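Now for the letters of each chain:
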Amino acid sequence: MNESVYNIERLKPLEVSNNYLVTKRIFDVCASIAGLIITAPLFLLITILYMFGDQKGPVFFKQKRVGKDGVEFYIYKFRSMVVNAEEKLIANKALYEKYIENSYKLEPDEDPRITSIGRFLRKTSLDELPQLINILIGNMSLVGPRPVISEELNEYGDKKDLFLSVKPGVTGFWQVSGRSNIGYPERVNLELHYVYNKSLFFDLKIVFLSFYSVALKKGAY
């Protein structure tokens, strides 16, 4: 990705109207309700699968993330890892250091936390479906910067407050630009590019590109 295209230093955020915010919220609510109804059979099937094998245990995984204006909330996903995932990672100091250095990611084949079904859920992005609940609650939007854990805010430096000025999304500009294939610091430019250029047209473009990226499994692991 050519960083000069997303040179955030010379840009100013676009002013948004109340009409944009209201329309975006209505779209979020309608999309999340429709999505939950359509994917209800998948929720049931995945719940049944989590009754057996190495993935046996809770169906959902929740993790504290930082949302709009710095308010923390729990993000929901289908659990793709073993029950004691965090402890297992932290116990391996070398792997944990690599995890931090690699923008809080590990390659699937070296990550001891991911279950067999979890790999499939991640590759197909099905693990993200429970975030429709986050959208309905109102702590996430369909489109926006991806919510981060508190440690990741350090990557945004003096632009942290700007990053947190927008409600986080299930998908966003970073997601459709390469997702896990693009780490920090370039991810900062991509996320802030959305903050500076947010609009209904940009949101719809990202939604369309998201379906394309999911279909091709681009950057998902």
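Residues numbered from 1 in each chain as written. Predicted model: local features only at pLDDT ≥ 70, side-chain atom pairs only at ≥ 80, totals over all residues. Heavy atoms only, no water.

> Help me out: how do you make sense of the pattern of salt bridges in this one?
A side chain of one charge can pair with a side chain of the opposite charge if their charged atoms are brought near each other. If you walk through the whole model with that rule in mind, you get eight salt bridges. Here Arg187 ties to Glu191 by a salt bridge, and the two come within 3.7 Å at their closest N and O atoms. With Arg187 and Glu191 both in helix α9 (residues 186-197) and four residues apart, this pair spans about one turn of that helix. Each member of the pair Arg187 and Glu191 is classed as buried. Each of Lys77, Glu128 and Arg146 takes part in one network of salt bridges that share partners. (Salt bridge = Lys/Arg side-chain N within 4 Å of Asp/Glu carboxyl O. Helix = DSSP H or I, 4+ residues; strand = E, 2+ residues; numbered from the N terminus. Buried < 20%, exposed > 50% of the residue type's maximum accessible area, 1.4 Å probe, protein only.)

> Any chance you could explain the pairing of strand β1 (residues 60-66) here in plain terms?
Along any regular strand, the residues point their side chains to alternate faces of the sheet. When β1 meets strand β2 (residues 72-78), the two strands line up antiparallel, connected through seven bridges. Across the sheet, Arg65 pairs through a bridge with Phe73, a residue of β2. Between β1 and β2, which pair antiparallel in sequence order, lie five residues; one of them, Asp69, sits at a positive phi of approximately 60°. (Pairing = 2+ DSSP bridges.)

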